[in-house]
Amino acid sequence: MNYSDIANSFIMWLACGCGVALVLFQAAVMTIKSMKAGKKMGITDEQINAAISSSAAGSIGPSLAILAGMVALLVSMGGPISWFRLSYIGAVAYELMAAGFAAQAMNVTLGGQDMNATAFACGVWVMTLGSIGWVLFTALATPHMDKFRDVLAGGRKELVPVVAVGAMCGAFSYLTINSAMRFNSQTTAAVAGFLIMAAFTKYNMTANKKWIREWSFCISMFLGMLVSVIF
Amino acid sequence: MENKNSYYNDTYIPSIISFGRITNLLGVAFAFLPALVLCFVYNIYPPVSAVIAGVVMQVSVSGVFWFVEPISYFPVLGIAGTYMSFLSGNIGNLRLPASVAAQQAAGVEAGTEEGSIISTIGVAVSIIVNVLMLTVGVILGAQILGSIPPVIKGALNNILPALFGAMLAQQFVPNPKIGSVAVVLTSIMFFLMKNGYLSFLPGFPVYAVIIVAVFGTIFIGQKIVAADLAKKKEQ
């Protein structure tokens, strides 16, 4: 049996489908619980709708980027595993790296002529074991992170949002500079995205327009990309 | 800390924690299903030595992130958002931006109780969009996806940098002091890394950049805001 027949077999779809179903199930239950709590806390339907549309619009761009990266994974690891790993625990860059390491350990070329069922299985094992820590750690440690955050805020409730602002500034400056450092069209995209959003944010600090709060993120992302392609 | 919302603290959070723990532990088990199918249905056992070699290479790159990413992103994602994000993956490039975009659009502050509720909704929506698009993608298959013209593929590669830049600006403009601290710290750390000054650290030291960028900014940011608050009080 060819390895790609095994990789794309019905039972692989089934095994992979369980994980995807779990992700969707968890998201659904968490959302219902959160909506219920939100109602009691005075969060309005309008706020929830704004959150939904902004997040949906904002998720399309990154998901397109994931699809573009999925091609290499599809060719080497087949449909079910690519679908599974990119909606469950994994991320494009990580999965390709893991599959590459496994192929290297098996002395074959990832997706090459010499790739066989054993190398494919090795790839699946490495992807799984190499990423299990994220889920295991969050399963056990998440409640303690809440306390850790309060410690970071020095026990002052009014400083907890400052922890979040610091974390966002730190995380996004890392992610931005990491891609801007390449000094190619990605740099242009990062700078353009920054400047367009800066203009929106600056304007909206006084104007406080609802549509800007909801759409500026999506617009800046695609305009930034367009600018980088044109220039 | 005062109890502003007793339902949030007494009912919501405990139920999120027990549900999140169970589903993420189940997630650990489900992750092995494809590998187990290969063993027990198809009788394919890769050599243990090769699996270990591959895992060691992979963990030396990503092992530190098992801990660094959840702790760094928690203040933004909140409790439910953290369980969901790390079960579904694609954190920095999708969950985190979706969470921030949702909180911004709803006009709630990240890190507050309202923020963590809205973050949950943002992450959930991003999960649905992502699974839908991946499902369409895998149905279209490698051939069709592979025939996307290179211009468009190049453009798609530039979505993420533009998104990250936009996200940074969204935080930077209202908080220029904290934003500047973040950019300066990150630049210094990348400079040190590129020039080999971090090579004494085990593995690939980009995790050190994240740790200093996030926690250095949180620490200095606290000092700045606390000083500003004290100044206001004096006046």
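Let us look at the structure shown here. (Residues numbered from 1 in each chain as written. Chains lettered and ligands numbered in written order. Predicted model: local features only at pLDDT ≥ 70, side-chain atom pairs only at ≥ 80, totals over all residues. Heavy atoms only, no water.)

**Examining the interface of chain A and chain B**
Working step 1: Chain A puts 146 residues into the contact, and the matching count from chain B is 150 residues.
Working step 2: Both faces considered, chain A and chain B share a buried interface measuring about 13200 Å² in area, 80% of it formed by carbon and sulfur atoms.
Working step 3: Viewed at the interface, chain B and chain A are joined by one salt bridge.
Working step 4: In this structure, B:Glu113 engages A:Lys157 in a salt bridge whose closest nitrogen and oxygen atoms are separated by 3.7 Å.
Working step 5: Put simply, chain A and chain B have 29 residue pairs in polar contact (both at pLDDT 80 or more) between them. (Contact = heavy atoms within 4.5 Å. Buried area = accessible area lost by both parts, 1.4 Å probe. Salt bridge = Lys/Arg side-chain N within 4 Å of Asp/Glu carboxyl O. Polar contact = N/O pair within 3.5 Å; in protein donor to acceptor, adjacent residues only side chain to side chain.)

**Regarding the packing of helix α9 (residues 176-194) of chain B against helix α10 (residues 206-234) of chain B**
Residue and element names in this part refer to chain B.
Working step 1: Look at α9 against α10: their axes get within 9 Å of each other, and the N-to-C directions meet at 155°. Our classification of the angle between α9 and α10 gives roughly antiparallel. Handedness of the α9/α10 crossing: right-handed. On α10, the residues touching Lys-177, Ile-178, Val-181, Ala-182, Leu-185, Thr-186, Met-189, Phe-190 and Met-193 of α9 are Val-206, Ala-208, Val-209, Val-212, Ala-213, Gly-216, Thr-217, Ile-220, Gly-221, Ile-224, Val-225 and Asp-228.
Working step 2: Within the contact of α9 with α10, the residues separate by chemical class into 15 nonpolar, four polar and two charged. (Axes fitted to C-alpha atoms, helices over the stretch in contact; angles between N-to-C directions. Helix = DSSP H or I, 4+ residues; strand = E, 2+ residues; numbered from the N terminus. Parallel < 35°, antiparallel > 145°, perpendicular 65-115°, else oblique. Left-handed = near helix turned anticlockwise from the far one by under 90°. Nonpolar A, V, L, I, M, F, W, Y, C, P; charged D, E, K, R; others polar.)

**Digging into the packing of aromatic side chains**
For any pair of aromatic rings, the description rests on two quantities: the centre-to-centre distance and the angle between the ring planes.
Working step 1: A full pass over the atoms with the stated rule returns 13 aromatic pairs over all chains.
Working step 2: Taken together, a centroid distance of 6.3 Å and an interplanar angle of 90° make the contact between A:Phe200 and A:Trp211 edge-to-face. With A:Phe200 in helix α8 (residues 185-207) and A:Trp211 in helix α9 (residues 210-230), the pair connects residues that are eleven residues apart, well separated along the chain.
Working step 3: Taken together, the ring pairs in this structure connect A:Phe137, B:Trp66 and B:Phe67 into an aromatic cluster.
Working step 4: Across from the ring centre of B:Tyr7, 5.0 Å away, lies the NZ or CZ of A:Lys40, which sits over that ring. (Phe/Tyr/Trp six-rings, centres within 6.5 Å; stacked < 30°, edge-to-face > 60°. Lys NZ or Arg CZ within 6 Å of the ring centre and 35° of its normal.)

**Section: the packing of helix α2 (residues 10-40) of chain A against helix α1 (residues 6-31) of chain B**
Working step 1: At a minimum axis distance of 11 Å, the contact between α2(A) and α1(B) shows a crossing angle of 175°. Here α1(B) runs roughly antiparallel to α2(A), going by the angle between their axes. Judged by residue contacts, A:Cys18, A:Gly19, A:Leu22, A:Phe25, A:Gln26, A:Val29, A:Met30, A:Lys33, A:Ser34, A:Lys36, A:Ala37 and A:Lys40 of α2(A) engage B:Tyr7, B:Tyr12, B:Ser15, B:Ile16, B:Phe19, B:Gly20, B:Thr23, B:Asn24, B:Leu26, B:Gly27 and B:Phe30 from α1(B).
Working step 2: Here the contact of α2(A) with α1(B) is built from residues that sort into twelve nonpolar, eight polar and three charged.

**A few points about the environment of A:Trp125**
Residue and element names in this part refer to chain A.
Working step 1: The topology assignment puts Trp-125 in helix α6 (residues 117-152).
Working step 2: Given the relative accessible area of 17%, Trp-125 is considered buried.
Working step 3: With 80 residues separating them in the primary sequence, Trp-125 and Asp-45 have C-alpha atoms 44 Å apart. (Buried < 20%, exposed > 50% of the residue type's maximum accessible area, 1.4 Å probe, protein only.)

**A short note on the nonpolar core**
Working step 1: Counting 155 residues, the largest nonpolar core has A:Met77, A:Phe120 and A:Phe172 as its most contacted members.
Working step 2: Per element, the largest residue contribution to this core is 15 residues, and it comes from α6(A). (Core = buried A, V, L, I, M, F, W, Y, C linked by side-chain atoms within 4.5 Å.)

**What to know about helix α4 (residues 79-87) of chain A**
Residues and elements named next belong to chain A.
Working step 1: With nine of nine residues buried, α4 lies mostly within the body of the structure.
Working step 2: Those residues of α4 that fall on the buried side of the exposure criterion are Gly-79, Pro-80, Ile-81, Ser-82, Trp-83, Phe-84, Arg-85, Leu-86 and Ser-87.
Working step 3: Phi for Ile-89, located one or two positions after α4, is positive at around 70°.

**Examining a nonpolar patch on the surface**
Working step 1: On the surface, a nonpolar cluster with roughly 990 Å² of combined accessible area is contributed by A:Trp211, A:Trp215, A:Ile219, A:Leu223, A:Leu226, A:Val229, A:Ile230, A:Phe231, B:Val151 and B:Ile152.
Working step 2: Broken down by secondary-structure element, the contributors of at least two residues to the nonpolar patch are α9 of chain A together with α7 (150-157) of chain B. (Patch = residues over 30% accessible without salt bridge, like charges linked within 9 Å, V, L, I, M, F, W, Y side chains within 5 Å. Areas by Shrake-Rupley, 256 points an atom, 1.4 Å probe, with all protein chains shown as cover.)

**Examining unusual backbone geometry**
Working step 1: Phi is positive for A:Asn107, close to 65°, though the residue is something other than glycine.
Working step 2: Note on placement: A:Asn107 falls in the loop between α5 (92-105) and α6.
Working step 3: The backbone phi angle of B:Asn43 is positive, close to 60°, even though this residue is not glycine.
Working step 4: The topology assignment puts B:Asn43 in the loop between α2 (33-40) and α3 (48-62).

**Overview of the pattern of salt bridges**
All names here are of chain A.
Working step 1: On inspection of all chains with the given rule, the structure shows seven salt bridges over all chains.
Working step 2: One salt bridge in this structure joins Lys-39 and Asp-45, with 3.5 Å as the shortest N-O distance.
Working step 3: In this structure, Glu-214 engages Lys-210 in a salt bridge whose closest nitrogen and oxygen atoms are separated by 3.0 Å. One end of the pair, Glu-214, and the other, Lys-210, are both in helix α9, four residues apart, so they sit about a helical turn from each other.
Working step 4: Given a relative accessible area of 39%, Lys-210 falls into the partly exposed group.

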